[in-house]
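# Structural features, examined
The lines below spell out each chain.
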Amino acid sequence: MKKLCLLFFVLVLLGTVSAMAQTITGRVVSEGDNEPLPGVAVLEKGTNHGAATDFDGNYTFNLQNPDGAVLVFSFMGYETQEVSVDGRTSIDVVLKSNNIAVDEVVVTALGIKREAKTLTYSSQQVDGDEMMKARDINFMGSLSGKTAGLEIRKSTSGAGGSTRTVLRGSKSLTMSGDPLYVIDGVPMVNNKGGQSGMWGGTDEGDGLSQINPDDIESVSVLKGATAAILYGSAGANGVVIINTKKGKDGATSVSFSSAGLFESIISEPKLQYRYGSEGGAAESWSYTKGNYDNKFVDDFFETGYNLVNTLSVSSGNGKQSTYFSYGNTSAGGVVPNNSYQKHNITFKESTKFLEDKISLSSSVMLATERTKNRNTGGYYLNPLTGLYLFPRSGATPWDGTSGAQDFSYFKENYQYFDTDRNMYTQNWFVDNDSQSNPYWLINKQPKEDLTKRVIASLTLEYQIAKNLKFQARGSYDYSVKSFEQKFYAGGNTTNIGTNGRWNYKKYEDKQAYADGIFTYNNDFGDISLTAIAGASYQQSVFGDGVSVDNGVKTLLYPNEFYFHNMPDNVEIESTYGGKIIKEGAFANIQLGYKNLLFLDLSGRNDWSSTLALTGNQSYFYPSVGLSGILSQMVKLPDFVDFAKVRASASQVNNEIPWGKILVLDKINSVTNGIDKNTIVPFTDAKPEQLVTYEAGTDWRFLNGRLGFDFSYYYIVSTNQALLRNLEVFEQYDNYTRTYYNAGEIVNQGVELVLNATPVKTNNFTWNSTVNFSRNKNKVKELDPQDPEKYQDFGSSEGYVARVYSGGSIGDIYGIKFRRNDAGQIMLDDAGKPLKTASDDLQYLGNLDPKFSLGWNNSFNYKQFSLGFLVNAKIGGKAFSQTESILDGYGVSERTAAARDKGYVEINGIQGTANVTQVDPQTYYSTVGGRNGIAEAYVYDRTNIRLSQVSLSYDFDVEALKLPIKNASFSLIGNNLFFLYKKAPFDPEMSMSTDMNSQSLDNFNVPATRTYGFNLKVTF
């Protein structure tokens, strides 16, 4: 009996000890995306006993009082949750956001996830669903107005066209300034092809348009060099991180989305149709009104369409996840015969093994993109010049038909059979270098752009120990691109040989990337430590291919577009954009104190092949940042939920472009000789240097209902790679020019993001966000040895984008009216306005806006949601060569209004006589036209527009007893209308997205609006 009692006592004691030592484990993730939440406080209710989740959201907790124990999970930005233990030893928790949104996990450089509150720099993240409201084929267009400090210019070339993205101002005189684009932590190639210019040409797109927007989970924008330093010099202008979707735990999910959008013109030139030409002239300068066709311009443009369909499959469990998607995009532009087709296939697989210590992830993205007859800009071979300038009273064609014919005749008879040549040739009314029959151009000068691309990556993660992890990644980005345009014989002889012209090129872009990263996380009492160390290797080969263009040189046989039909004096070129090898080693340490003070230290050393032979191919740069959570340091009023301050400083060095150290000789196909290089080898080149200082603060009030994030930055860029002519006494060995390092560019500005939830009830919520940014650019020094030196970025007749020391990138110069000291316009003896000399261009303003605003709103009522975005650019200038030409030809509405009145009002002086009225033709033929007076065609860039509208309905699939998980239907619209605009064109559309011809309208295709629907179903 005593033995039984003793045994019972021992069992009770062991049970008590076991109960007292009961251990709970589990994982905490966020609702919706199931992302792990590090730093979640886990507290045993009624005690001070607690723990916190690690970086992967896991926690281990020893209960003090197991009976009736309740765990409290709390995390800034999420609703606190209480969970009864009920004897369980494993408890997983999903926390719901409370919209304070300061402790969410964000993706930073190299794909590293961090808590937002620990960041020492400015970063913004845009959710993929938010981006999909816009349904822009090139997803970057969807970010406009949703990120402070992000300037986006879209090409007028239509679907699949390129974009120009600038973060915090232009920092270089010689490089594009585009940010680095990264997919799931790995850099991607975003090379741009050719661009439109004043004399023609076509935007050949960029790499971004090949990404399927439906695959994007979110986009993180790292704005400054401090944020992007771990990417090295490639991230000197900021980084746009594209986080794609992946398989998620749970049952297999199949989603299908389908969008249909229509496209129409929103802002076309104001033309006149009541005054025609006289005596068969090409210009419409009659003073007698007539009843002329006023529909042919509108009839030329078509209703465009964008059809986007994506099917995706997602599945996963604790060990394995899979994601697959297929996307198809088909579009037709507003210009006839312009079409676009894209196919995307994405496959991602992730597997864990060896007791979850090793995870292996792979991803393959395939894309094909085909564009036919992409829109062009400029004077030459542009259908809009002949369309807009056609004489209102008709014209006499070349096909032998007598009498004047209206535009419809030239539309139906754009070609005629030339019996002398036994072939069809263009039918038009004038032999002019800047005019052709629009329908000849769109039918007999077909062009096709084709891109095939694969991006493959492999990631291996090994959990070496509890706090130590190693990650190895490799990726290969390969694309083959071809561009072909056939110009049939009989076209404009200024640009085309008598037997036709063939412009063809095909080349490859290749980039191999690999990195290895050690990550260590641990807590030492009140001190937390996250350390990163790694190395990367990147090899890029661009433009490796072949090209040919006979121009105006005659093909051997007409309209045979093959290599063997090229004349002997046309060179078939081997193209090569360069090979760049860059190696880097980097490290980052983040120290935290009591989860309220964080110190961030980073450093990277790069070795770049573009600086070989200079002794400067190895360069190191550091970064330091500090952030503190004020709301945890001091007692603040109860209405303050969160307050943070941050400051950082960094230096980034940027390698110079390929081919500047040693410029190569070229083969001359005409002389069969060698064109010797005349530029001195740049063997003392230094890398471009950017030093950034940034400070900011982040506050949240009223349980997350109101908040703001403010940033100030100051960026100094030096060591620009500039080119100058050698003085005669400096020249040697046929060298006449030399590169040198000089220049200092400063960008400083502020960014403000204001978030608010003005209304929140059980059934209705209104969320509103304002993004404000202002940047001031200053070229403090260009060339200390030559104060009069300037740098040009592109020009048009009477206009040039130019910068002097003391000016700003974006300054424009041009021809102005000649005025006397009283400001009156001086007239010659014939009454024509006088203009300044063409070799003495005058300052006309700056292209950049004073500040930018984006106001984004969403209203949710039960199953309905309404969203709209208003974008505003305030200040800045834009220039229109189109309006100048229209005035010179007498086809603009302003010239007709002047003829209606009988004069143009002017504050002028002729000799000593004041003049208040000038004859309309005398005035506009002088001020307008080619090489007119640019001052008259500089416009205020200010514009406010309704950029996006979406009205959505989420179906109650359970009530409807539908065999699906979710379903929604949306009506969407983009760029619907202007609330305010002063320029006669859309100043946010660009003829070119490189550094040349920004904000220049030279017969660009007018801006368009899109409107339609989007359907999404999940099974």
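These figures come from a predicted structure and were not determined experimentally.

Conventions and cut-offs
Residues numbered from 1 in each chain as written. Predicted model: local features only at pLDDT ≥ 70, side-chain atom pairs only at ≥ 80, totals over all residues. Heavy atoms only, no water. Salt bridge = Lys/Arg side-chain N within 4 Å of Asp/Glu carboxyl O. Helix = DSSP H or I, 4+ residues; strand = E, 2+ residues; numbered from the N terminus. Buried < 20%, exposed > 50% of the residue type's maximum accessible area, 1.4 Å probe, protein only. Pairing = 2+ DSSP bridges. Patch = residues over 30% accessible without salt bridge, like charges linked within 9 Å, V, L, I, M, F, W, Y side chains within 5 Å. Areas by Shrake-Rupley, 256 points an atom, 1.4 Å probe, with all protein chains shown as cover. Contact = heavy atoms within 4.5 Å. Phe/Tyr/Trp six-rings, centres within 6.5 Å; stacked < 30°, edge-to-face > 60°. Axes fitted to C-alpha atoms, helices over the stretch in contact; angles between N-to-C directions. Polar contact = N/O pair within 3.5 Å; in protein donor to acceptor, adjacent residues only side chain to side chain.

Overall, the coordinates contain 35 salt bridges when judged by the stated rule. For R274, the salt bridge goes to E893, with nearest N and O atoms at 3.0 Å. Of this pair, R274 sits in the loop between β17 (250–267) and α4 (296–300) while E893 sits in helix α10 (residues 893–901), and the two are 619 residues apart along the sequence. A relative accessible area of 27% means that E893 is categorised as partly exposed.

What the three strands build is an open sheet, ordered β12-β11-β53; its pairing is mixed. Two strands lie at the open edges of the sheet, namely β12 (163–167) and β53 (989–990), each paired on one side alone. Pairing analysis gives two bridges linking strand β11 (residues 150–155) to β53, with the strands arranged parallel. Note that in β53 the partner of K154 across the bridge is M989.

So, about a nonpolar patch on the surface. There is a patch of nonpolar side chains on the surface, built from F524, I527, I589, L591, Y593, L597, L601, V624, L626, M633 and V634 and spanning about 870 Å² of accessible area. When residues of the nonpolar patch are traced back to their parent elements, those giving at least two are β29 (578–593), β30 (597–608) and β31 (618–629). The element contributing the most residues to the nonpolar patch is β29, with three residues. As for its placement among the helices and strands, L626 is situated in strand β31. Residue L626 is classed as partly exposed on the basis of its relative accessible area of 42%.

Turning to the environment of N1014, a few remarks are in order. With respect to the secondary-structure elements, N1014 resides in strand β55 (residues 1007–1018). Accessibility expressed as a relative area gives 13% for N1014, which makes it buried. In this structure, the C-alpha to C-alpha distance between N1014 and L366, residues 648 residues apart in sequence, is 24 Å. If we skip the residues at most four places from it in the chain, N1014 touches R135, S258, A259, S968, F969, S970 and I972.

Moving on, we come to the packing of aromatic side chains. A full pass over the atoms with the stated rule returns 46 aromatic pairs. Aromatic side chains Y732 and Y735 sit 5.4 Å apart centroid to centroid with 75° between the ring planes, which places their arrangement in the edge-to-face category. With a relative accessible area of 41%, Y732 lands in the partly exposed category. Both rings, one in Y953 and one in F955, keep their centres 5.1 Å apart while their planes meet at 90°; by these two values the pair is edge-to-face. A relative accessible area of 26% places Y953 in the partly exposed class.

Here is the key point about a regular strand: its side chains alternate between the two faces of the sheet. Looking at chain direction, strand β35 (residues 679–680) and strand β38 (residues 737–760) are connected through two bridges and run parallel. Bridge pairing in β38 places V680 opposite T738. Sheet analysis places strand β37 (residues 706–725) next to β38, joined by 19 bridges and oriented antiparallel. Residue pairing across strands places Y712 opposite V750, the latter belonging to β38.

Where strands meet in a sheet, backbone hydrogen bonds hold them as pairs that are either parallel or antiparallel. The strand order across the open sheet formed by three strands is β43-β48-β49, and the pairing between neighbours is mixed. Of all strands in the sheet, those bounded by a partner on one side alone are β43 (825–826) and β49 (913–918). When strand β48 (residues 904–910) meets β49, the two strands line up antiparallel, connected through five bridges. Among the inter-strand pairings, I909 is bridged to a residue of β49, identified as N914. Its contacts with the sheet place helix α11 (residues 920–927) against β48 and β49, and it is angled at close to 80° to β48.

Unusually for a residue other than glycine, D184 sits at a positive phi of about 50°. On the secondary structure map, D184 appears in the loop between β13 (180–183) and β14 (186–187). Its relative accessible area of 30% is what places D184 among the partly exposed residues. Backbone geometry places N975, a non-glycine residue, at a positive phi of 55°. Its location among the elements puts N975 in strand β52 (residues 966–981). The class for N975 is buried, based on a relative accessible area of 15%.

With that out of the way, let us pick up helix α9 (residues 881–889). An α-helix turns once every 3.6 residues. As a result, residues three or four positions apart point the same way. In terms of residue burial, α9 counts as a mostly covered element, since nine of its nine residues are buried. Burial in α9 covers these residues: Q881, T882, E883, S884, I885, L886, D887, G888 and Y889. For α9, the capping residue at the N-terminal end is S880, with a side-chain oxygen 3.4 Å from the backbone nitrogen of T882. Where α9 terminates, the next one or two residues include G890, which has phi positive at roughly 75°.

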